[in-house]
Number of protein chains: 2
Amino acid sequence: MTDLVAYMNGVGEAARRAATLMAAAPTSAKNQALLALARRLRDSGPALAAANERDLAAAREAGLDAPLVDRLRLDAKTLDTVALGCEQIAAMPDPIGEITGVKRRPTGISVGQMRVPLGVFGMIYESRPNVTIEAASLAIKSGNACILRGGSEALHSNLALAALVAQSLEEAGLPAEAVQLINTTDRAAVGLLIAMPAFVDVIIPRGGKGLIERISRDARVPVIKHLDGNCHCYVDAQVDLEQALVVVDNAKTQKYSPCNATESLLVHVDQAAAFLPRIGRIFAAKGVEMRACTRAFAALLEVPDAKLALATEADWDTEYLAPIISIKVVDSLDEAIAHINHHGSHHTDAILTTLHVNAMRFLREVDSASVMVNASTRFADGFEYGLGAEIGISTDKFHARGPVGLEGLTSMKWVVLGQGEIRQ
Amino acid sequence: MTDLVAYMNGVGEAARRAATLMAAAPTSAKNQALLALARRLRDSGPALAAANERDLAAAREAGLDAPLVDRLRLDAKTLDTVALGCEQIAAMPDPIGEITGVKRRPTGISVGQMRVPLGVFGMIYESRPNVTIEAASLAIKSGNACILRGGSEALHSNLALAALVAQSLEEAGLPAEAVQLINTTDRAAVGLLIAMPAFVDVIIPRGGKGLIERISRDARVPVIKHLDGNCHCYVDAQVDLEQALVVVDNAKTQKYSPCNATESLLVHVDQAAAFLPRIGRIFAAKGVEMRACTRAFAALLEVPDAKLALATEADWDTEYLAPIISIKVVDSLDEAIAHINHHGSHHTDAILTTLHVNAMRFLREVDSASVMVNASTRFADGFEYGLGAEIGISTDKFHARGPVGLEGLTSMKWVVLGQGEIRQ
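Residues numbered from 1 in each chain as written. Chains lettered and ligands numbered in written order. Predicted model: local features only at pLDDT ≥ 70, side-chain atom pairs only at ≥ 80, totals over all residues. Heavy atoms only, no water.

K.L.:
For this particular structure, what's the right way to read the packing of helix H2 (residues 27-43) of chain B against helix H3 (residues 45-61) of chain B?
P.N.:
Relative placement of two packed helices is described by the angle separating their axes and the distance separating the axes. Residue and element names in this part refer to chain B. Two numbers describe how H2 lies on H3: the axes approach to 6 Å, and their chain directions differ by 70°. Between H2 and H3, the angle is such that the two are roughly perpendicular. Of the residues in H3, those touching H2 at Leu41, Arg42 and Asp43 are Gly45, Pro46 and Leu48. Of the residues that constitute the contact of H2 with H3, the class distribution is three nonpolar, one polar and two charged. (Axes fitted to C-alpha atoms, helices over the stretch in contact; angles between N-to-C directions. Helix = DSSP H or I, 4+ residues; strand = E, 2+ residues; numbered from the N terminus. Parallel < 35°, antiparallel > 145°, perpendicular 65-115°, else oblique. Contact = heavy atoms within 4.5 Å. Nonpolar A, V, L, I, M, F, W, Y, C, P; charged D, E, K, R; others polar.)

K.L.:
How should I be thinking about the UniProt feature "domain: Aldehyde dehydrogenase" (unreviewed entry) in chain A in this particular structure?
P.N.:
Feature annotation in UniProt places "domain: Aldehyde dehydrogenase" (unreviewed entry) on residues 13-279 and 316-381 of chain A, given in this structure's numbering. Structurally, residues 13-279 of chain A comprises 51% helix and 17% strand, and the distance from its first C-alpha atom to its last is 57 Å. (UniProt positions renumbered as here; feature names shortened; annotations may be inferred.)

K.L.:
Any chance you could explain the packing of helix H6 (residues 130-141) of chain B against helix H7 (residues 155-171) of chain B here in plain terms?
P.N.:
All names here are of chain B. Between H6 and H7, the shortest axis-to-axis distance is 10 Å and the interhelical angle comes to 25°. As summarised for this structure, H6 and H7 are arranged roughly parallel, according to the angle between their axes. Relative to H7, H6 is oriented so that their crossing is right-handed. Contact residues: H6 offers Thr132, Ile133, Ala136 and Ile140, while H7 offers Asn158, Leu161, Val165 and Leu169. The class makeup of the residues in the contact of H6 with H7 is six nonpolar, two polar and no charged. (Left-handed = near helix turned anticlockwise from the far one by under 90°.)

K.L.:
Is there a simple way to think about the pairing of strand S7 (residues 231-235) of chain B in this case?
P.N.:
When a strand is regular, its side chains alternate between the sheet's two faces. Residues and elements named next belong to chain B. Within S7, five of the five residues are buried, leaving the element largely enclosed by the surrounding structure. Side-chain alternation along S7 places Cys231, Cys233 and Val235 on one buried face and His232 and Tyr234 on a second face that is also buried. Inspection of the sheet shows S7 paired to strand S8 (residues 262-268) by five bridges, in the parallel sense. Within S8, the residue paired with Tyr234 across the bridge is Leu266. Note on the crossover from S7 through helix H10 (residues 241-253) to S8: the handedness is right-handed. Bridge analysis of S7 against strand S12 (residues 348-352) gives four bridges, and the strand direction is parallel. Note that in S12 the partner of Tyr234 across the bridge is Ile351. (Buried < 20%, exposed > 50% of the residue type's maximum accessible area, 1.4 Å probe, protein only. Pairing = 2+ DSSP bridges. Right-handed = clockwise from strand over helix to strand, strands pointing away.)

K.L.:
Please explain the domain arrangement of chain A as it appears in this structure.
P.N.:
By a widely used convention, the size of an interface equals the accessible area lost when the partners come together. Split into domains, chain A comes out as domain 1 (2-224 + 403-416) and domain 2 (231-379). One C-alpha centre belongs to domain 1 of chain A, the other to domain 2 of chain A; they are set 37 Å apart. (Domains from an automatic or database assignment.)

K.L.:
Just checking my understanding: could you explain the interface of chain B and chain A for this structure?
P.N.:
Contacts between chain B and chain A engage 67 residues on the former and 67 residues on the latter. For the chain B and chain A pair, buried surface summed over both sides reaches about 5700 Å², with 57% attributable to carbon and sulfur atoms. Considering only the surface of chain B that becomes buried against chain A, Phe398(B), Trp414(B) and Arg423(B) emerge as the three largest contributors, covering 17% of it. At the surface where chain B touches chain A, the tally comes to four salt bridges. (Buried area = accessible area lost by both parts, 1.4 Å probe. Salt bridge = Lys/Arg side-chain N within 4 Å of Asp/Glu carboxyl O.)

K.L.:
Hey, could you run me through the relation of the copies chain B and chain A in this one?
P.N.:
Copies of the same chain, two in number, are related to each other by a rotation about an axis and a translation along it. For the match of chain B to chain A, the screw axis carries a shift of 0.0 Å, the RMSD comes to 0.0 Å, and the turn is 180°. Expressed as a symmetry operation, the mapping of one chain copy onto the other fits a two-fold axis. Nearest to the rotation axis, the C-alpha of His399(B) is located 1.9 Å from it, this being the minimum over chain B. The fraction of interface residues of chain B whose copies in chain A are also interface residues reaches 100%, indicating that both copies meet through the same surface. (Least-squares fit on C-alpha atoms with pLDDT ≥ 70 in both.)

This is the structure we're talking about:
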């Protein structure tokens, strides 16, 4: 343990030193490192495959399920995708150094704000090794340093990828320690990483709810946390029915596992008889189980071959991530908003409506990171929002909310330009 | 203790309910409440004086020092100042509901961000009862609810002020529970307030470093914390000497107690002989003790009647809040920046220079909430920056940095406007 503490302190100190250099790094050097990384990723297929094969073999030996083994795999297609991601981030504008809102004050000073890096972020993630490159590339472009702690089952792959990152940084004249991977699988390293306020400014965990709750509870620095996505679609009293069917179908069934998939459908009582049997037929055809309130249950009884059950109170609070949806008939927009704010997870919620006033009330009063009108909840994503990349999705309100891109890794400091002004 | 837990949970639940109503409150109602509060503050002098007198008498009886008793006093002038503050906040634009950066995406959806309240903030503060009104008025304008915990020595004054706030909220048709004052002096209430993530979104402590460190350590929600202000002035190799003398004098001596007063002076070696004896004479005349490095000490020896001592290593890290200044000669801008980033408290630091390149490097590379060129550090203040009001000053980088006004009590949520778009 003494050795581990010394190791982590060394990593932290090196990250803090590197962060100072990265904050002042020219845009051209940061882009050069990103393009070098893309090139190395494409050129290093065989070496990476050898490292990756060690993790894959260990995973198979440990009897991991095939989908879990697949998530570890670094094939040529995955490498090309992450290389392309590095090139896209290189092509984006540099967020650092932007000065905004400069205003002259009556005292004579000019006051504005400059965008600067946060400093050092720690990232804790599971399995997929491509997250190593995503985190590294966002750190480089945003002028931060980062300390990465990947899953133990991906250690050899991650070490090989981190070596490419270090080489690319050095090629561009930047400190290799700007991106460090923790090279031990000792679980105590996580506990140390999240409790080093002198060296780490923010922790970004990516993984299951259990991991994130544990980290949030024990962290001694801020955490950009992404808990569950219990997302809603609400079909309003006046609505384009055909459009609502297409959007609700997409929001639920386009993919069941993402956090922005809809888990609960609310329907205004005036549309229940018209809408529910039709969406019920679509869900039935796709094998989606419907857990309905008594009124929705009655409206859905006519659907042939429906997997239909009465909802329990727990259903309103559940993120299924599966072909299951809870369905409730509500009497008003007020009831819909209150239900979403009470039972939802403040992630993403959509209204389907033709009424402008209701659309505006929903946008303003639903307390979620993403609020949508007549669009699928599946759009809640950094790439779809045009952020270019996404380090995570925040279900918090503090600092960053919703998809977090480069700007979420920065902060604004105050800049005062004077000509010898003094305070009276 | 069971009673206290029940009481605090009740306060928390009421705040959460009120926050929902405040988030949707019209600007006109919020301004009406602020103007009503200003009127009631001016009209309630005698009633407030009676409540205030109970606190003053208890303070005198407890043998508090005269300056501490004075900080408790709510006289007509103080009341007029806080009433004026309410009117100024009423006159400011409403930050809530602002939608910015709406862009059309290739998929057809439009994506932007809407400014919304954080929800509920808890404020913990000592002595001065006018903070009760400052916090209440910022909460009202920003559409938040707040739970206030003032100092026990000001309880009667605070309760009387909180009653005026509640009446003003009700007069405007807003929930009285939007601003609640904890009506017990039980210290355990603070421990509960900072550990109710279901009801409180952020804690803002105002007080001594000990209080803030304790709260930051124990809080289960984010804290906007203001630790110390070890602020620097750096006199560069090329400088307008007359201007530098005026600014450094002001930064140190205009007032000794504020957090934005300069505590440490760095002077480039090329200016040491010209600058130090002159600023030394000014400091000596004002009785400011100088704790100097060996080179600065040598340059200051010629100053008559100087309170001069050799600095110890601890001096570089000390916020004196007193007529004492540490002084160091440095060989380069690099050394100055490194010294400030290492020993400073990331609060406010200024460069005095005529060199544009050095000014720009200082702004970018000094890692402080406020960085200044040719201006007194004493300007680091919400009012001087044009924020209209200030709930506190953050020495953190996360969320809000430096003086925190209305915007620091808000967050941005994503808004998606569609016409039936779905994710492919």
